[in-house]
Amino acid sequence: MTQPNLYIVGAAKSGTTALSNLLSASPDIFIPSIKEPHFHVWEQVKGKIPCVVDDIKKYEKLYDDDKASTCKYRVDASVLYLPYYELFCKNVKSYSSHDVKIIIILRDPLERAVSAYKHSLRFDPDERDLFNDAVLSDLTRRSGNPMLCYQWLSDYFEQVKMIKERFNDVLIIRSADFKSDTKLVV
């Protein structure tokens, strides 16, 4: 059975999609048709975001591919693994039969929150609040779509600390570095 062995758990709106797209050009890297399955935190996000793989057979089928079996790295790039770090760590540790690599890509927290808010205004009909009101209501928003929790998703310290403590091979990339010298970072 082919399993993911590289997780990109960067903060939403920090460059995870751009990084995944660049990495997918490598013959050593496999990214499945669903880049963000959120499988390891599905209990927290099912019904709150559009795409969630909540079945282990469906998750493993994403990596049941001839290319996946020959690639050195098989990627799961689910951004909600970072805020749900406790569940992510627990589930990946129990699921994976081998050591995994983690890439965390982070953006300046305020820039990330503003970018996410602007994205939500364009694409999410549930976002109707002004930015300041949205940030101030962050706690009450957590029962809904987590992507609308701008402050919580930008609060990285505990998230990164726990992941670094639980996994041996963690790379942290600053979004600004990725943007200014993409080739070097990749």
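Here the structure is shown first, and the text comes after it.
Model, not experiment: these values are computed from the prediction.

A. Looking closely at helix 1 (residues 16-23). Burial in helix 1 covers these residues: Thr16, Leu19, Ser20 and Leu23. All buried residues of helix 1 fall inside an arc of 100° around its axis, so they share one side. In the core, the buried residues of helix 1 are packed alongside strand 1 (6-8), strand 2 (29-30), strand 4 (101-106), strand 5 (169-174) and helix 10 (175-180).

B. Quick look at the packing of aromatic side chains. According to the stated counting rule, one finds 13 aromatic pairs in the structure shown. On the numbers, 5.1 Å between centres and 75° between planes, the contact of Tyr84 with Trp152 is edge-to-face. Of this pair, Tyr84 sits in the loop between strand 3 (73-76) and helix 5 (85-95) while Trp152 sits in the loop between helix 8 (138-141) and helix 9 (157-166), and the two are 68 residues apart along the sequence. On the accessibility criterion, Tyr84 (11% relative accessible area) is buried. Following the ring pairs from residue to residue traces out a cluster consisting of Phe30, Phe39, Tyr59, Tyr63 and Tyr95.

C. Region of the structure containing helix 6 (residues 109-123). Taking 1.5 Å as the rise per residue, helix 6 with 15 residues should run 21 Å; its terminal C-alpha atoms sit 21 Å apart, in good agreement. For helix 6, every residue scored as buried is listed here: Arg112, Ala113, Ser115, Ala116, Tyr117 and Ser120. Taking the backbone nitrogen of Leu110 as reference, a side-chain oxygen 3.1 Å away marks Asp108 as the first, capping residue of helix 6.

D. The arrangement of the sheet that holds strand 2 in detail. With parallel pairing, the five strands of this open sheet are ordered in space as 2-3-1-4-5. The sheet is open, and its two edges are formed by strand 2 and strand 5, each paired on a single side. Two elements, strand 1 and strand 4, share three bridges in a ladder whose sense is parallel. Note on strand 4: the bridge partner recorded for Tyr7 is Ile102.

E. A look at the layout of surface pockets. Put simply, the largest pocket is a space of about 510 Å³. The wall of the largest pocket is formed by 25 residues, among which Ala12, Glu36, Val79, His119 and Met147 lie closest to the centre. Elements that contribute at least two residues to the lining of the largest pocket include exactly helix 1 and helix 6. Element by element, the count of residues in the lining of the largest pocket is highest for helix 6, at five residues. Considering only residue class, the lining of the largest pocket consists of twelve nonpolar, eight polar and five charged. Here the lining of the second largest pocket gets four residues from one element, more than from any other, and that element is strand 5. Broken down by class, the residue content of the lining of the second largest pocket amounts to twelve nonpolar, no polar and two charged.

F. Here's a closer look at the nonpolar core. Counting 39 residues, the largest nonpolar core has Tyr7, Tyr59, Phe88, Ile102 and Ile163 as its most contacted members. The set of elements that each furnish at least two residues to this core consists of helix 3 (56-62), helix 5, strand 4 and helix 9. The element that contributes the greatest number of residues to this core is helix 5, accounting for six residues. What Ile163 contacts, discounting residues up to four positions off in sequence, is Val9, Leu82, Tyr85, Phe88, Cys89, Ile102, Ile104 and Val170. Residues Ile29, Ile31, Ile103 and Phe178 belong to the second largest nonpolar core, which totals 13 residues.

G. View of the pairing of strand 3. Residues of strand 3 alternate between two faces, with Tyr73 and Val75 on one and Arg74 and Asp76 on the opposite face, all of them buried. As defined by bridge partners, strand 2 adjoins strand 3 across two bridges and the pair is classed as parallel. Bridge pairing in strand 3 places Phe30 opposite Arg74.

Conventions we followed
- Residues numbered from 1 in each chain as written.
- Predicted model: local features only at pLDDT ≥ 70, side-chain atom pairs only at ≥ 80, totals over all residues.
- Heavy atoms only, no water.
- Buried < 20%, exposed > 50% of the residue type's maximum accessible area, 1.4 Å probe, protein only.
- Helix = DSSP H or I, 4+ residues; strand = E, 2+ residues; numbered from the N terminus.
- Arc of directions from axis to C-beta.
- Contact = heavy atoms within 4.5 Å.
- Phe/Tyr/Trp six-rings, centres within 6.5 Å; stacked < 30°, edge-to-face > 60°.
- Expected span 1.5 Å × (residues − 1).
- Polar contact = N/O pair within 3.5 Å; in protein donor to acceptor, adjacent residues only side chain to side chain.
- Pairing = 2+ DSSP bridges.
- 1 Å grid on protein atoms, 1.4 Å probe; cavity = no way out; pocket = protein on both sides within 12 Å on 5 of 7 lines; lining within 4 Å.
- Points joined across faces, edges and corners; volume = space filled by probe spheres on them.
- Nonpolar A, V, L, I, M, F, W, Y, C, P; charged D, E, K, R; others polar.
- Core = buried A, V, L, I, M, F, W, Y, C linked by side-chain atoms within 4.5 Å.

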